[in-house]
Amino acid sequence: MALAALLLSAVGCRPAELTYTIHDGATAIPVTGHYETVGEVLAAAGLALADDDDLSPGPDTPADPATPITIDRAAEVTVIDRDAVTTYRTQAETLAEFLTETGLALSLIHI
C-alpha cells in the first residue's frame, strides 16, 4: 500500500481517503485518512484506552478499513466495605464473575 501511495504521489495523484470505523460501545466513529496501525486510527480519533479496556484488533495490528475496530470499555464498580471505599474497573459481566476476579466475598451483617 505504501508503494502504491508513493507511485501515485510521484505522478501527482493522491490516493483516495480511506474510512475506518471505530465502535466505542454503541457509538460508531468514522475516521478518514491513511493509517498504518489500529493505534494510529485511535489517536487520530482522539480516543484513549484505560488499562482495563479491551481493544480488538490490538493497537499494533495493521489498520484495514474493512476490519471494524472495537473498544469494550471496562465498567467501574465501587465497593464499600465498612470504612473503606474501593473502585474497581472490570470486564466482568456478572456479580459472580466480578467477585471471582477480585477475590471478594459477600457477607451479611446484622444491624
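First things first, this report covers the structure right here in the doc. (Residues numbered from 1 in each chain as written. Predicted model: local features only at pLDDT ≥ 70, side-chain atom pairs only at ≥ 80, totals over all residues. Heavy atoms only, no water.)

## Observations regarding the layout of surface pockets
- Estimated volume of the largest pocket: approximately 400 Å³.
- Of the residues belonging to the lining of the largest pocket, the class tally is 10 nonpolar, two polar and two charged. (1 Å grid on protein atoms, 1.4 Å probe; cavity = no way out; pocket = protein on both sides within 12 Å on 5 of 7 lines; lining within 4 Å. Points joined across faces, edges and corners; volume = space filled by probe spheres on them. Nonpolar A, V, L, I, M, F, W, Y, C, P; charged D, E, K, R; others polar.)

## Focus: the packing of aromatic side chains
- Under the criterion given, the structure shown has two aromatic pairs.
- Residues Tyr20 and Tyr35 carry aromatic rings whose centres are separated by 5.6 Å and whose planes lie at 65° to one another, so their mutual orientation is edge-to-face. Note that Tyr20 is positioned in strand β1 (residues 18–24) and Tyr35 in the loop between β2 (27–33) and α2 (38–45), a separation of 15 residues in sequence.
- Between Tyr88 and Phe98, the ring centres sit 5.5 Å apart and the planes meet at 80°, which makes this aromatic pair edge-to-face. In this pair, Tyr88 is assigned in strand β6 (residues 84–90) and Phe98 in helix α3 (residues 95–102), connecting sequence segments 10 residues apart.
- Residue classification places Phe98 among the buried positions, given a relative accessible area of 5%. (Phe/Tyr/Trp six-rings, centres within 6.5 Å; stacked < 30°, edge-to-face > 60°. Helix = DSSP H or I, 4+ residues; strand = E, 2+ residues; numbered from the N terminus. Buried < 20%, exposed > 50% of the residue type's maximum accessible area, 1.4 Å probe, protein only.)

## Let's talk about the side chain of Asp24
- Looking at the element boundaries, Asp24 is found in strand β1.
- A polar side-chain atom of Asp24 sits 2.9 Å from a polar atom in the side chain of Arg73.
- With residues up to four places along the chain from it excluded, the contact list for Asp24 reads Ile29, Leu47, Ile71 and Arg73. (Polar contact = N/O pair within 3.5 Å; in protein donor to acceptor, adjacent residues only side chain to side chain. Contact = heavy atoms within 4.5 Å.)

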